[in-house]
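Tertiary structure, described
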Amino acid sequence: MKKILAILTILFFPALVFAADKTLKGEIRDSSGKLLYKTYTRGGVTETRDPSGKLVTKSKTTNGKTEVRSPSGKLLFKAK
């Protein structure tokens, strides 16, 4: 019984780890429905891209504090 439990744990643990890092996708549209930005969130990092795919901002949230940076890495603002 312990061997079966150990084998099941070994087989399903990697699947659980990868499921936790699932990328969430979103879109930001104006009132007329035109696509302005696409967002991709994985863990505490969110990337905002224009419709052509160029990176606009990258934000990182840790312990309730968010830092938003430009594509070059320059800090744009912090929020608590």
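Below, the structure is looked at part by part. (Residues numbered from 1 in each chain as written. Predicted model: local features only at pLDDT ≥ 70, side-chain atom pairs only at ≥ 80, totals over all residues. Heavy atoms only, no water.)

As for a nonpolar patch on the surface
Side chains of I28, L36, Y37 and V56 sit close together on the surface and give an oily, nonpolar patch of about 280 Å² of accessible area. Tracing the backbone through its elements, the reader meets L36 in strand β2 (residues 35-42). Judged by relative accessible area, L36 falls into the partly exposed class, the value being 32%. (Patch = residues over 30% accessible without salt bridge, like charges linked within 9 Å, V, L, I, M, F, W, Y side chains within 5 Å. Areas by Shrake-Rupley, 256 points an atom, 1.4 Å probe, with all protein chains shown as cover. Salt bridge = Lys/Arg side-chain N within 4 Å of Asp/Glu carboxyl O. Helix = DSSP H or I, 4+ residues; strand = E, 2+ residues; numbered from the N terminus. Buried < 20%, exposed > 50% of the residue type's maximum accessible area, 1.4 Å probe, protein only.)

Here we look at the pairing of strand β4 (residues 55-62)
Sheet faces and side chains relate simply in a regular strand, where the side chains alternate between the two faces. Looking at chain direction, strand β3 (residues 45-49) and β4 are connected through 5 bridges and run antiparallel. Within the sheet, the bridge partner assigned to R49 lies in β4 and is L55. Where β3 folds back onto β4 in an antiparallel hairpin, the turn is made up of 5 residues, including G53, whose phi is positive at roughly 105 degrees. One ladder, built from 5 bridges, connects β4 with strand β5 (residues 65-69); its direction is antiparallel. If you follow T62 over to β5, its bridge partner there is K65. (Pairing = 2+ DSSP bridges.)

Description of the sheet that holds β3
As summarised here, the arrangement of the 6 strands in space is β1-β2-β3-β4-β5-β6, forming an open sheet in which the pairing is antiparallel. At either end of the open sheet lies a strand with only one pairing partner, and these are β1 (24-29) and β6 (75-79). Pairwise comparison of adjacent strand axes, ignoring direction, gives a mean angle of 20 degrees for this sheet. Sheet topology places β5 next to β6; 4 bridges connect them, and they run antiparallel. Paired with V68 across the two strands is F77, which belongs to β6. (Axes fitted to C-alpha atoms, helices over the stretch in contact; angles between N-to-C directions.)

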